[in-house]
Each structure stands twice: as structure tokens, then as C-alpha cells.
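Overview (structure and organization)
Read off the chains here:
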Amino acid sequence: MKVVYTDSLVIGGGLAGLRIAIAARQRGYDSIVLSLMPAKRSHSAAAQGGMQASLGASIKGEGDNEDVHFEDTVKGSDWGCDQDVARMFVNTAPKAIRQLCAWGVPWSRVRKGDREVVINGQKVTITEKDEAHGLITSRDFGGTKKWRTCFTSDGTGHTMLYAMDNKAIQLGIQVHERKEAVALIHEDGVCYGAVVRDLVTGELVAYVAKATTIATGGYGRLYAVTTNAVISEGIGNAIALETGIAPLGNMEAVQFHPTAIVPVGILTTEGCRGDGGLLLDKDGYRFMPDYEPGKKELASRDVVSRRMTEHIRKGKGVSSRYGDHLWLDITLLGRQHIEKNLREVKEICEYFLGIDPVKEYIPVRPTQHYSMGGVRTRSTGESPTMKGLFSAGEAACWDMHGFNRLGGNSVAETVVAGMIVGEYVADYCAQNPLNINTKLIEQFMDREKEKISALLSRDKGENPFELKKEMQQIMMDKVGIFRNEADLSQAVEELKVLHQRSKNIALRHKISSSNPELVEAIRVPKMIRLAQCVAYGAMLRKESRGAHAREDYPERNDRDWLKRTLTFWPDENADLPEVKYEDLDIMKMEMPPGSRGYGVDNTIHHPDTEKRVAQLEEIKKANPNADRFEMQRLLNPIEIPDKFRGKNERVGKGFK
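This report concerns the structure included in the present document. (Residues numbered from 1 in each chain as written. Predicted model: local features only at pLDDT ≥ 70, side-chain atom pairs only at ≥ 80, totals over all residues. Heavy atoms only, no water.)

1. Concerning the overall build of the protein chain
Scanning the protein chain from terminus to terminus reveals 18 helices and 22 strands. The C-alpha radius of gyration of the protein chain comes to 24 Å, within 12% of the 26 Å expected for a compact globule of 656 residues. Counting only C-alpha atoms, the protein chain reaches 70 × 55 × 50 Å along its principal axes. Within the span of the protein chain, comprising 656 residues, buried residues form 62% of the whole. (Helix = DSSP H or I, 4+ residues; strand = E, 2+ residues; numbered from the N terminus. Rg over C-alpha atoms; globule rule 2.2 N^0.38 Å. Buried < 20%, exposed > 50% of the residue type's maximum accessible area, 1.4 Å probe, protein only.)

Structure representation (C-alpha cells):
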């Protein structure tokens with residue numbers, strides 16, 4: 001039995017995982033990062049459009065600050081987020097982006113003087129201030145009051161990931177590649193690491209640590225068509241779920257991105273619309289102003305995706321052999337802008353569609369893109385039910401995004417959560433010595449060996465690739481953008497059958513090393529359980545909130561459903577998870593529930609909303625001279641590591 005010991009074990013080599021490892025290493029604790037592939041190829045590199053931080057340097061970002069970013073984030077979440085976490089995030093994001101700059105991210109910069117931009121389909125001239133010249137600039141993104149999304153052309157995730165990985169190399173952090181965690185090692189509510197399989201040799205190794213962090217990204221590959229990389233299968237979520245102790249949060253909250261190319265589902269960044277691109281129907285008609293006259297193409301992602309789907313349902317989609325789609329028009333931006341700021345989009349269109357977006361429209365339709373759900377954590381990033389288990393990034397339900405995230409807030413979350421949670425991981429390492437019985441390690445190792453042996457020895461059974469394909473189609477057809485009782489009930493029943501069939505998987509290739517079929521056989525049963533968590537949670541939640549849109553329950557129901565879904569799977573033989581709920585306390589909210597400002601407000605209000613609004617007004621009246629920092633502390637005092645408490649400076653305004 002091979003055992004590797006460390007202080008901090010991080011499962012996942014993307015931005016969040018690397019940043020947590022860096023934080024622990026900077027505090028003097030050894031960190032090992034496990035990655036399915038070389039870290040620089042993690043899915044974080046696919047983030048194109050940018051990272052939100054309220055720098056307020058560009059003229060269209062003038063007046064931006066943490067309060068404005070906080071309000072946008074809470075509204076974007078449809079009041080489903082943890083407002084303490086949202087406040088921690090917006091206060092730390094400017095520090096994160098400047099630190100990344102120091103580490104080598106070549107952020108696009110403000111250039112003083114006049115420049116031509118496209119706003120609402122019209123070319124206009126804006127004038128950047130002289131004193132802002134050379135500072136980090138920003139572009140417009142959906143659901144924001146200010147231009148806040150900082151970027152490096154449309155390769156933001158790529159440049160961030162390379163800088164982060166280089167920093168990890170500088171600090172001597174070990175990244176163990178081609179390794180997959182298949183189970184968590186735990187006892188009496190404490191996590192001690194993971195059983196890890198070498199994808200090349202097939203060897204099982206126990207990685208034992210004081211603190212274990214799941215940072216494996218999202219679970220987009222539960223769906224047949226997704227913008228996610230092929231490795232985004234939710235296995236980190238699944239091994240937490242399989243403990244029966246650590247819950248997953250808000251698994252039914254799945255975001256569809258409006259502009260994935262047809263048919264392959266590769267993303268064209270929100271920066272296309274942020275920079276002035278338009279959505280057109282089969283007649284070349286710009287339809288979004290009819291649905292959302294305020295924000296138009298830059299309404300929140302869940303809203304734009306639903307409006308596009310509604311328009312296609314009305315017969316306004318463009319017919320194709322791959323189904324109906326709509327057009328994304330960025331031709332009005334001009335060749336110079338596209339080749340400088342949207343160059344990856346241009347290359348994607350050339351390579352995968354054979355078109356030049358400088359001259360031709362891009363075929364797009366909404367496609368699964370992001371998972372708001374994940375391993376439920378406290379604001380510290382630690383599981384509330386399993387000590388020593390942390391999670392961050394898309395794998396976590398931290399819960400900054402609630403039921404819908406704003407574009408640019410996710411890549412920002414990876415780094416900001418990595419900074420904040422990394423400090424709490426280091427604190428945990430400092431306060432908790434490693435004390436584990438070798439017998440416990442053997443038990444978990446033997447259990448996983450037996451599972452793999454059973455797969456290799458079974459002569460007849462199910463094909464894992466076919467099971468996965470069926471699961472993905474169920475999710476695509478019945479747990480998509482619009483949901484209803486009939487479809488969701490069918491999905492739940494069909495996934496029950498798949499779950500039973502997955503217990504009888506047999507392999508054609510009976511080797512343990514370098515065997516993709518065995519990898520699939522290990523993963524697919526886990527993925528089916530995750531899919532059931534999504535479908536069952538969606539069936540039970542009888543309201544519409546953010547990206548969870550029920551056609552049969554169109555109201556956002558704060559009275560009955562202002563709560564977070566918690567999903568457990570304590571019985572591995574069960575076909576359904578156990579579901580519990582965690583109430584969101586309005587009386588502690590800095591920003592009580594209100595209208596998002598899209599369409600008709602059909603909210604069923606909670607009786608505490610008016611009480612909290614009145615309470616907040618009394619606090620404001622009692623402190624007429626308080627500045628915004630003092631007021632924020634009065635309305636919502638938050639705990640945050642000391643090193644991130646400082647104010648953020650902005651051009652011409654100091655710390656105001």
C-alpha cells in the first residue's frame with residue numbers, strides 16, 4: 001500500500017485549486033495538487049471574456065465600487081446567494097486582480113483620449129481620462145450597472161492560469177498529473193485525504209492530508225451538449241456525495257449560456273455582446289429589445305437564454321440540420337476590434353464553422369455552461385458536516401452565485417475564493433495535527449480495489465459509454481432551460497433505471513492500466529447519481545428562481561422557497577438522494593429580496609421582507625453621517641482574513 005502524506009491536498013489543478021495551494025504554501029504548509037492533466041490545460045484556460053472587479057478605471061466604469069458590484073451579484077443570483085460570501089467576494093476581487101497583475105497577467109489597459117465603441121447597436125465615441133491611462137480597463141457584461149469585466153483580449157482564463165501555474169512552480173508546489181481521486185478517506189466526520197488512481201498505471205495510492213480541498217470544476221458533462229471541457233464531469237462533487245455526510249448544495253441550479261456555436265456547443269464569450277454584438281433571428285431582426293428593453297442583449301445570462309428559447313419556439317429560429325438556432329452578429333465591431341479583442345472567437349468560427357465572423361453571422365443557441373451547485377461549504381470554504389473537507393471554485397456551493405451567476409464572476413470567484421479559502425485551509429492545518437490509523441487507510445484502499453476488480457472480472461453487463469449517452473440525453477431533453485413536472489418526473493424515473501443498470505457494468509478490455517473504458521466505468525455511476533441530484537432537486541423545487549425556470553410554477557416564491565437545497569446520498573443502494581433545505585434568513589440580509597428588473601415581477605414575497613427593509617431604514621436614519629464603509633459594517637458585518645480587509649483604491653478618488 002502506497003501512502004503519500006502532505007499538509008494540504010488539493011484535488012483539481014485549475015485556478016481555484018492552484019490558488020489554494022499557493023495560499024497554504026505561502027503560510028509554510030506543504031501542498032500537493034492532483035490534476036487529471038497538466039495544470040496549464042485545466043478548464044480554467046477556456047474562460048474568455050474576463051474577470052469582474054470594481055476597479056472603476058475606464059470611463060464607463062466610473063463610479064463603480066464594492067457596493068455596486070455587491071448589488072449586481074445579489075440581483076444576478078435572484079436572491080439565492082449567501083450575502084456574506086458575496087460581500088467577501090466583492091471586497092477582495094480588486095486585490096485579486098492587482099495581485100494577478102503582479103504575477104504576470106497582461107491585463108488590457110486604458111488608453112487616454114477618444115475611442116470608438118458600439119453601444120446598443122450604435123457606434124459612439126467615448127473619452128478616457130488622462131489620469132486613467134495605463135490602468136486596467138474593463139468591458140461591459142450582462143447584468144451589471146457598470147463596465148466592470150477586466151480582460152486580456154478574449155483569452156483571460158488562459159493568461160490567468162499560466163500566471164497562476166508559474167507562481168505555483170516558483171513556490172515549489174507539487175502537481176501530480178494524470179491522477180484522479182476516486183474516494184474520500186474519512187472517519188467520524190473528519191476527512192483525511194483521498195484514494196487516488198493513477199490514470200496511466202492504474203495504481204491506487206492513498207493521499208493523506210490535514211486538509212483536503214475539492215476544486216474539480218463543474219458538472220456540465222452530465223448534459224449532451226455543453227461548453228464544458230470533457231473532464232468537467234463532477235467527480236469531485238460525486239466523491240463528496242458518496243461519503244453520505246457531506247451535502248451538495250443547489251444542484252438543480254444549472255446555467256445555460258446564450259451564445260454557444262451550433263452544433264458543437266463551443267462558447268463564444270459574453271464579451272461579444274458586451275463589446276456591442278447583437279442577437280438576430282431568421283429575418284435578421286434584433287429581437288432582444290422587445291423582451292428586455294432595458295438591458296437587451298446584456299440582460300442576465302439566464303434571462304437572455306430563456307428569451308432566445310422563447311423566440312425560437314415562436315418559429316423565429318434559423319432552420320438547420322442541427323436544429324433551429326439564432327444569429328450572433330459581431331460584424332458591426334469591425335475587423336480591427338475582432339482581431340484584437342475577440343481573436344479566439346474568430347479562430348473558433350474559422351476552425352469549427354468555416355466562417356469569418358468579421359463578415360458573417362455566427363450560429364448560436366443556449367447551451368449548458370455553468371454549475372452553481374456543488375459541495376456545500378460555509379463562508380470559510382469548509383464543509384459544515386465534515387471537518388477538514390474544503391471546496392472552492394465551480395465545484396463548490398460557497399454560495400456566491402445563488403441560482404444564477406453573472407458573467408465574469410466565476411473566473412473571479414476561482415481566484416478570490418482561492419485566496420480567502422486558502423487562508424482558512426492554512427488555519428486548519430495550523431490548528432489540527434494529522435492523526436489517522438493506518439487501518440482506516442487500508443479499509444478505503446481495499447474497498448476501491450474490490451470495486452475495480454469486480455468491474456474487470458464481470459463477463460457480461462452494461463456498456464458504460466451507452467449509459468452515459470442515455471443519461472446525457474435525459475438531462476438535455478428533460479432538465480434543461482425550461483422545466484416542468486411531467487418532464488422532470490420522467491427524468492427522475494429514467495435515471496433510477498440507469499442507476500440500477502450502472503451496477504452491472506462490464507468491460508471489453510480487462511486491463512487496469514491506460515484503460516479509458518475502465519475510467520468511464522468508474523465515473524459513470526457517480527455521474528448518474530449527480531444527474532439524479534439535479535433532476536430530483538429540480539422536480540421538488542416548485543418555483544422559478546434564476547436559472548431554475550419552471551413553466552408550471554413561473555413565480556419566484558420567496559414565501560416558500562427562499563432556501564438552499566441540500567442533497568445527501570447516505571445509502572449507496574438507494575436510487576434517490578435525501579433532500580433537506582437550509583433557509584436563507586432575510587433578517588440578516590444586507591439587501592432584502594426585490595425585483596431583478598426583468599420582465600413582469602411575479603414574486604411571491606416573504607413576510608420578513610418588509611420587516612427587514614424597515615429595519616435597514618432605521619439603521620440608516622440612526623447613522624446619517626456614516627460613510628459607505630461604516631454603513632456596510634452596520635448592515636452586514638462580515639468575517640474575512642485580516643490581510644484582505646483593506647480598502648480598494650480607485651483612480652482620482654483614493655479609497656472613497
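2. Some words on the pattern of salt bridges
For the coordinates displayed, the defined rule picks out 62 salt bridges. One salt bridge in this structure joins Arg447 and Glu448, with 3.1 Å as the shortest N-O distance. Here Glu520 ties to Lys468 by a salt bridge, and the two come within 3.0 Å at their closest N and O atoms. With Glu520 in helix 15 (residues 516-540) and Lys468 in helix 13 (residues 464-478), this residue pair connects regions lying 52 residues apart in the sequence. Residues Glu520 and Lys468 agree in their burial class; the two are buried. Each of Asp78, Glu252, Asp302, Arg306, Arg541, Glu543, Arg545, Arg556, Asp558 and Arg596 takes part in a single network of salt bridges with overlapping partners. (Salt bridge = Lys/Arg side-chain N within 4 Å of Asp/Glu carboxyl O.)

3. What about the packing of aromatic side chains?
For the structure shown, the criterion picks out five aromatic pairs. Ring centres of Tyr223 and Phe256 lie 5.8 Å apart, and the angle between their planes is 90°; on these two criteria the pair is classed as edge-to-face. In this pair, Tyr223 sits in the loop between strand 10 (204-214) and helix 5 (235-241) while Phe256 sits in strand 12 (residues 254-261), placing the two residues 33 residues apart along the sequence. Just as Tyr223 is buried, Phe256 falls in that class too. Aromatic side chains Phe390 and Tyr428 sit 5.8 Å apart centroid to centroid with 75° between the ring planes, which places their arrangement in the edge-to-face category. Of this pair, Phe390 sits in strand 17 (residues 389-391) while Tyr428 sits in helix 11 (residues 409-431), and the two are 38 residues apart along the sequence. (Phe/Tyr/Trp six-rings, centres within 6.5 Å; stacked < 30°, edge-to-face > 60°.)

4. Notes on the packing of helix 12 (residues 438-457) against helix 15
Two elements in contact, helix 12 and helix 15, have axes whose closest approach is 11 Å; the angle formed by their N-to-C orientations is 120°. Comparing their axes, helix 15 and helix 12 come out oblique. The two elements helix 12 and helix 15 meet at a crossing, and its hand is right-handed. Packed against helix 12, whose contacting residues are Ile452, Leu455 and Leu456, the element helix 15 presents Leu518, Ala521 and Ile522 at the interface. (Axes fitted to C-alpha atoms, helices over the stretch in contact; angles between N-to-C directions. Parallel < 35°, antiparallel > 145°, perpendicular 65-115°, else oblique. Left-handed = near helix turned anticlockwise from the far one by under 90°. Contact = heavy atoms within 4.5 Å.)

5. Examining unusual backbone geometry
Residue Pro263 follows Val262 across a cis peptide bond; omega there is 10°. Within the element layout of this structure, Pro263 appears in the loop between strand 12 and helix 6 (271-274). Of note, the amide linkage connecting Trp398 to Asp399 takes the cis form, showing an omega dihedral of 25°. As for its placement among the helices and strands, Asp399 is situated in the loop between strand 18 (396-397) and helix 11. The backbone phi angle of Asp78 is positive, close to 55°, even though this residue is not glycine. Tracing the chain through its elements places Asp78 in the loop between helix 2 (66-76) and helix 3 (83-103).

6. Some remarks on the sheet that holds strand 11 (residues 248-249)
Taken in spatial order, the five strands line up as 18-16-11-21-22 in an open sheet, and their pairing is mixed. What marks the edges here is a single partner per strand, and that holds for strand 18 and strand 22 (578-583). Inspection of the sheet shows strand 16 (residues 374-376) paired to strand 18 by two bridges, in the parallel sense. If you follow Arg376 over to strand 18, its bridge partner there is Cys397. (Pairing = 2+ DSSP bridges.)

7. Some remarks on the environment of Asp560
Relative to the elements of secondary structure, Asp560 occurs in helix 16 (residues 558-561). Remark: the alpha-carbon pair of Asp560 and Lys468, spanning 92 residues in sequence, is separated by 35 Å.

8. Comments concerning the state of the cysteines
Within this structure, the stated rule accounts for zero disulfides. Between Cys397, a cysteine without a disulfide, and Cys81, which holds the nearest cysteine sulfur, the sulfur-to-sulfur distance is 11 Å. For Cys397, a relative accessible area of 0% corresponds to the buried category. You can see Cys429 has no disulfide; the closest cysteine sulfur is in Cys191, sitting 12 Å from it. Under the relative-accessibility criterion, Cys429 is labelled buried at 2%. (Disulfide = S-S within 2.5 Å.)

9. So, the side chain of Thr226
Along the chain, the position of Thr226 falls in the loop between strand 10 and helix 5. Looking at Thr226, its side chain comes within polar contact range of the main-chain nitrogen of Asn228, at 3.0 Å. Of note is the side chain of Thr226, whose polar atom sits 2.6 Å from the side chain of Gln368. Discounting residues that sit within four places of it in the chain, Thr226 has contacts with Gly220, Arg221, Gly265, Thr367 and Gln368. (Polar contact = N/O pair within 3.5 Å; in protein donor to acceptor, adjacent residues only side chain to side chain.)

10. Digging into the side chain of Glu448
Along the chain, Glu448 turns up in helix 12. A distance of 3.1 Å separates the side chain of Glu448 from the side chain of Arg447, its partner in a polar contact. Aside from chain neighbours lying at most four places away, what touches Glu448 is Val182, Ala183, Val195 and Leu204.

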